[in-house]
Amino acid sequence: MRVIAGTARSLPLKTPAGMDVRPTTDRIKETLFNILQPEIPGSIFVDLFSGSGSIGIEAISRGADKAYFVESSPAAAKCIADNLQFTRMTDQAVLLKQDVSAGLYSIREKHVDIVFMDPPYGRELEKQALDILRNMPYLSSETLIVVEAELYTDFSYLPEMGYELVKEKKYKTNKHLFIRMEEEIE
């Protein structure tokens, strides 16, 4: 696995050992960032369930001002820290070694531009995270939320939570959903 583009282009990244982490393949990561690229420069990026940190590192490499990495696994958090040091991105990164529920409350920003999450499949962790996120003061209808999920994961609950599905990109076994909060009508 490597950084695809930007200031850290082609640098190899470590991945934590074990089956709990499913690194996003370079091809899918490249497709994802081709879609996200207009929103990346100058952004505040949040990488939930970070694993190796490759998504947040890619965002910094492509021009994000800052990235938060939220990861509860000690082995994965160490891997993220090593990758940030290797890519010389520690000054632009905040590593929160806690579960996503606690991590979302630890983010200290007025506004977050992009939230990416790739939770373990089949446990509805994305639903829990979206439920917490919708009440965070740094989230607005301008924030883009990207969820990586198994291909057949049901997201029919999004409108009930106040979210709007903007785009969906399907791959062989998984998909990316691009979501925004619905604008409040006053």
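None of the values given here were measured: they were computed from a predicted structure.

Take the pattern of salt bridges next. Side chains bearing opposite charge may pair, as long as their charged atoms lie close to each other. Tallied over the full model, the rule gives 7 salt bridges. In this structure, Glu58 and Lys29 form a salt bridge, with 3.8 Å as the shortest nitrogen-oxygen distance. Taken together, the residues span a long stretch of sequence, with Glu58 in helix H2 (residues 54-61) and Lys29 in helix H1 (residues 26-36) at a distance of 29 residues. The two residues Glu58 and Lys29 agree in class, both being buried.

The next thing to look at is the sheet that holds strand E4 (residues 114-117). The sheet built from 7 strands is open, its strands ordered E3-E2-E1-E4-E5-E7-E6 with mixed pairing. A single partner strand is all that each edge strand has here, and the edge strands are strand E3 (93-96) and strand E6 (163-170). Here the average twist between neighbouring strands, direction ignored, is 15°. The pairing of E6 with strand E7 (residues 174-181) spans 7 bridges and is antiparallel. By the bridge assignment for E7, Glu168 is matched with Leu177.

Across the interface, H1 lies against H2 with an axial gap of 11 Å and an inter-helix angle of 45°. Taken together, H1 and H2 sit at an angle that is classed as oblique. Once H1 is placed against H2, the crossing between them reads as right-handed. In this structure, H1 contributes Lys29, Leu32 and Phe33 to the contact, and H2 contributes Ser54, Ile55, Glu58 and Ala59. Residues that form the contact of H1 with H2 fall into these classes: 4 nonpolar, 1 polar and 2 charged.

What counts, and where the lines are drawn
- Residues numbered from 1 in each chain as written.
- Predicted model: local features only at pLDDT ≥ 70, side-chain atom pairs only at ≥ 80, totals over all residues.
- Heavy atoms only, no water.
- Salt bridge = Lys/Arg side-chain N within 4 Å of Asp/Glu carboxyl O.
- Helix = DSSP H or I, 4+ residues; strand = E, 2+ residues; numbered from the N terminus.
- Buried < 20%, exposed > 50% of the residue type's maximum accessible area, 1.4 Å probe, protein only.
- Pairing = 2+ DSSP bridges.
- Axes fitted to C-alpha atoms, helices over the stretch in contact; angles between N-to-C directions.
- Parallel < 35°, antiparallel > 145°, perpendicular 65-115°, else oblique.
- Left-handed = near helix turned anticlockwise from the far one by under 90°.
- Contact = heavy atoms within 4.5 Å.
- Nonpolar A, V, L, I, M, F, W, Y, C, P; charged D, E, K, R; others polar.

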